[in-house]
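Fold and geometry: a report
Each chain, letter by letter, is given below.
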Number of protein chains: 4
Amino acid sequence: MHILVSNDDGYQAVGILALAEALRALARVTVVAPERDRSGASNSLTLEYPLRAMAVEEGRYRVEGTPTDCVHLALTGLLDEEPDMVVSGINAGANLGDDVIYSGTVAAAMEGRFLGLPAIAMSQTSFAPKHLGSSARVAAALIEKLRSDPLPSDTILNVNVPDLPWEEIKGFQATRLGRRHRAEPVIKAEDPRGRPIYWIGPAGLEEDAGPGTDFHAVANGYVSVTPIQVDLTRYQALDQVAGWVQGLS
Amino acid sequence: MHILVSNDDGYQAVGILALAEALRALARVTVVAPERDRSGASNSLTLEYPLRAMAVEEGRYRVEGTPTDCVHLALTGLLDEEPDMVVSGINAGANLGDDVIYSGTVAAAMEGRFLGLPAIAMSQTSFAPKHLGSSARVAAALIEKLRSDPLPSDTILNVNVPDLPWEEIKGFQATRLGRRHRAEPVIKAEDPRGRPIYWIGPAGLEEDAGPGTDFHAVANGYVSVTPIQVDLTRYQALDQVAGWVQGLS
Amino acid sequence: MHILVSNDDGYQAVGILALAEALRALARVTVVAPERDRSGASNSLTLEYPLRAMAVEEGRYRVEGTPTDCVHLALTGLLDEEPDMVVSGINAGANLGDDVIYSGTVAAAMEGRFLGLPAIAMSQTSFAPKHLGSSARVAAALIEKLRSDPLPSDTILNVNVPDLPWEEIKGFQATRLGRRHRAEPVIKAEDPRGRPIYWIGPAGLEEDAGPGTDFHAVANGYVSVTPIQVDLTRYQALDQVAGWVQGLS
Amino acid sequence: MHILVSNDDGYQAVGILALAEALRALARVTVVAPERDRSGASNSLTLEYPLRAMAVEEGRYRVEGTPTDCVHLALTGLLDEEPDMVVSGINAGANLGDDVIYSGTVAAAMEGRFLGLPAIAMSQTSFAPKHLGSSARVAAALIEKLRSDPLPSDTILNVNVPDLPWEEIKGFQATRLGRRHRAEPVIKAEDPRGRPIYWIGPAGLEEDAGPGTDFHAVANGYVSVTPIQVDLTRYQALDQVAGWVQGLS
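Residues numbered from 1 in each chain as written. Chains lettered and ligands numbered in written order. Predicted model: local features only at pLDDT ≥ 70, side-chain atom pairs only at ≥ 80, totals over all residues. Heavy atoms only, no water.

The name recorded for chain A in an unreviewed UniProt entry is 5'-nucleotidase SurE, from Alkalilimnicola ehrlichii. Under the UniProt heading Function (unreviewed entry), the entry covering chain A gives this text: "Nucleotidase that shows phosphatase activity on nucleoside 5'-monophosphates." What UniProt states about chain A under its Sequence similarities (unreviewed entry) heading is, verbatim, "Belongs to the SurE nucleotidase family." (UniProt positions renumbered as here; feature names shortened; annotations may be inferred.)

Here we take up the sheet that holds strand β2 (residues 28-34) of chain A. Residue and element names in this part refer to chain A. The strand order across the open sheet built from nine strands is β3-β4-β2-β1-β5-β6-β7-β13-β8, with neighbouring strands paired in mixed fashion. Each having just a single partner strand, β3 (53-57) and β8 (171-174) make up the two edges of the open sheet. Going from strand to strand, the sheet's axes swing by 25 degrees on average, the running direction of each strand aside. Relative to β2, strand β1 (residues 2-6) runs parallel, the two sharing four bridges. In the sheet register, Leu-4 faces β2, and the bridge partner there is Thr-30. (Pairing = 2+ DSSP bridges. Helix = DSSP H or I, 4+ residues; strand = E, 2+ residues; numbered from the N terminus. Axes fitted to C-alpha atoms, helices over the stretch in contact; angles between N-to-C directions.)

A separate point is the UniProt feature "domain: Survival protein SurE-like phosphatase/nucleotidase" (unreviewed entry) in chain A. The UniProt record marks residues 3-183 of chain A with the feature "domain: Survival protein SurE-like phosphatase/nucleotidase" (unreviewed entry), using the residue numbering of this structure. Secondary structure across residues 3-183 of chain A comprises 26% helix and 25% strand; the distance between its end C-alpha atoms is 35 Å.

Accessible area lost during the coming together of the parts is what is often quoted as the interface size. Counting from both sides, the interface comprises eleven residues of chain D and, opposite them, eleven residues of chain A. With both chains or domains summed, chain D and chain A bury close to 930 Å², and 36% of this area falls on carbon and sulfur atoms. Ranking the residues of chain D by area buried against chain A places Gln-12, Arg-36 and Leu-47 of chain D at the top, with a combined share of 36%. Seen at the junction of chain D and chain A, the total is two salt bridges. Taking the shortest distance from any N to any O, the salt bridge between Arg-195 of chain A and Glu-48 of chain D comes out at 3.2 Å. (Contact = heavy atoms within 4.5 Å. Buried area = accessible area lost by both parts, 1.4 Å probe. Salt bridge = Lys/Arg side-chain N within 4 Å of Asp/Glu carboxyl O.)

A few words on the relation of the copies chain D and chain A. Mapping chain D onto chain A calls for a screw motion: a turn of 180 degrees about the axis and a shift of 0.0 Å along it, with 0.0 Å RMSD after fitting. Viewed as a symmetry operation, the transformation between the two copies matches a two-fold axis. In terms of proximity to the rotation axis, the leading residue of chain D is Arg-36 of chain D, whose C-alpha is 4.3 Å off the axis. Comparing contact sets, 100% of the residues at the interface of chain D also lie at the interface in chain A, consistent with an isologous, same-surface contact. (Least-squares fit on C-alpha atoms with pLDDT ≥ 70 in both.)

So, about the UniProt feature "binding site: a divalent metal cation" (unreviewed entry) in chain A. All names here are of chain A. The feature "binding site: a divalent metal cation" (unreviewed entry), as annotated in UniProt, sits at Asp-8, Asp-9, Ser-39 and Asn-91 in this numbering. A maximum C-alpha distance of 9.0 Å among these annotated residues, which run over 84 residues, shows that they cluster at one spot. For Asp-9, the location among the structural elements is in the loop between β1 and α1 (14-24). With a relative accessible area of 19%, Asp-9 lands in the buried category. Those residues in contact with Asp-9, other than ones at most four positions away along the chain, are Arg-36, Asp-37, Ser-39, Ile-90, Asn-91 and Ala-92. Only 3.1 Å separates the side chain of Asp-9 from the side chain of Ser-39, close enough to count as a polar contact. Turning to its location among the elements, Asn-91 is positioned in strand β5 (residues 85-92). On the accessibility criterion, Asn-91 (8% relative accessible area) is buried. Residues contacting Asn-91, with those up to four places away along its chain left out, are Asp-8, Asp-9, Thr-105, Met-122, Ser-123 and Gln-124. (Buried < 20%, exposed > 50% of the residue type's maximum accessible area, 1.4 Å probe, protein only. Polar contact = N/O pair within 3.5 Å; in protein donor to acceptor, adjacent residues only side chain to side chain.)

Right, dumping it as structure tokens:
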């Protein structure tokens, strides 16, 4: 098995180092990750400029680009041998509920949707994780399980791990994404020359965070595993919209 | 009604000018759009740096940021009066199938999901559209219709309009997103100093483009209207994953 | 005569529009300027990425690059016909003393050093100039004078104009660059996530601003004209350094 | 003695590591350098956005900014104790003749002009230097010499070292900057979408490279030491320009 590891915190982040090391016990691992922190990059792709990829060492590349650029490049020509799956992370900070649409960690996994095994996005619920070993162990456990009991190859798993020692984690839960309230107001300030500047405010508080959600699982000490889809069609609204557009024709 | 108009081609693109003008006949319009072309930006949010917003004229702002930054800012503090809906576009080029996960046009609409009326992403199927009037007319028709016959407020409509004169457009179809094959290989080249560079290759060919898809609708001269969701949970896989993770606990 | 006009405030800045208009009365004018504000860019050249130049209208280009990129491109292949000189500005804000080593306005002029006529950098001493007409008139006067009484072609003139009505300007002075004290301390702050950020502080106060300097001329209502050199060798120190390095051999 | 070390190739470049190590034998060394390659940045200063500085380890910082930003920050508030001098490099590639106005290596040194000892810019004449030890030894020798036989504190030394083993270097020469011909034409190409792009061409060939120039010294196996000035006034043209502007008053 050949696993491509990427992230959005940059190729030198402690999370990706821990992840790559843990997976090397199970498979061949190639790391292709952004040169610097690209959190919040979502699925952005660099179309206007060429990318540069530099081999930092055998099997480890840094790319001046987004997480999506990294995985895209790795799967369409940078590597000699195609990986079997993509594992992204370990992100420093949770990716729960609405966060996933902004997340570079999840985006890197989504870009691996064409491969032979499900892609996995790994996040640990702390901006300064103390227990990366727990996530590393979760990642390894998921991959071992996939080997003996595979999931469909077009599945993407968004995994959030509480920042706890392994012994204190209560288990795994399959969850749906919760939902946040609208984001907090933008923070208006002035630069030293007196001109207005705006900082994006914090994410909104949890609105839908009850049992069954990813918020609930990690808050209660469980590893949250959410199946994610790439097809954004809202199928249950198709009939209603079909009726609605008829009035337009 | 107060409509926020944004896009990913920049505040001076012909598409956004045509859209804003058409909607001004129906509602108060405020434009908040990126300073420059940000195609492919997806839902990326600028968290590391402050944003600057500059009033170009009354009711028209340019922001040094992504499409998502623009709408986020407009809805969380930049504007005195909250808009009722977001319309994004008119993008120069289609956003069909897998394209939507990379699209800044669709992302701008998604960022308007908390408002009182459905957000709409408008794209015209040509990189150099000749018939922007058709999309402008479609946008106006959709909004008129929403007034008399509203859709649920959390709906997002991804609309693609063939680049044809209005008279040649055959009507509207409610569609699901099609799917592309994997992207074409990365294009490897050298910079003038002999160092390797990589250009992201073209999007993949259509794999799932039969009747019912957005690809099929526009290829046959119809306006494609696809309901999009922000909740990426793959609900139909929840049970399978629940069974699967049990083996891990 | 064919004049290339550039700046560092961007191709849409009021200063460059006023300058181009004034010079069109005297010569053929081509504008090649950055897409957006690039103040403080100094002589930076974009070597890692390709540049894009877009004709905004006949004889007016915007470039995604620095002021130096713009002039470099214009003189090495973008334009069909080589210009005879470069005029850069009108910058919104003075470029006096040490400022010139950071200035994109001066850098754009320096990049025109290979042409048949002296390059000119025009700055008006206010961040929101009220009397751009004065600078425009100064630029025209300098060029008329160059026609009848040329300076050596490798000369670069750094021109600063007080923000006053033409009638209140007292005349022209040839000046040397003054010198500032060290810059004010960096401004330490925190971003909304509590992480430290640093804003470059204001330029230092004037240390050497007596009669004969550019600071003194504009403070007293004169147009300051300073000849600038591109050869940074400190010739008067050559002998001392020669003696000094002998001890090393 | 406390030496600030910076560069434009990034804080992880082999050149800066070799330089810092060599100087640690002589003095306290603090490294403040750009996060990534910023070659060609010249003296550009980041005024529009705040900077972030991160301690990589004790006495070693990386900054998301230009070389000038790094030194500016270090001298105006980032460090507890002010350095006595700035040494920049070891750049991978020569900085000779006109190169210096574009060079981030030289700019970093210029930003140290307010300190108690001369600033030094170190470059080795190869893009992939094999003999960094030679430059490291030159830097150490220059600093030892400055201790016993100081130069005026506002001096800046631009030092270029042939990429040769120490034993093959013929000695030191005090030189003036040579001069290049105009740069080679821009390289016009197309991106994969058929749109024109432009790469800045190679620097021009040597025009003034005879005995006494920096070009000549390194081509003949000598270390070139050029005194550089920050005051760009062309004093020898002051009288001529004074006469010339009189006709304008």
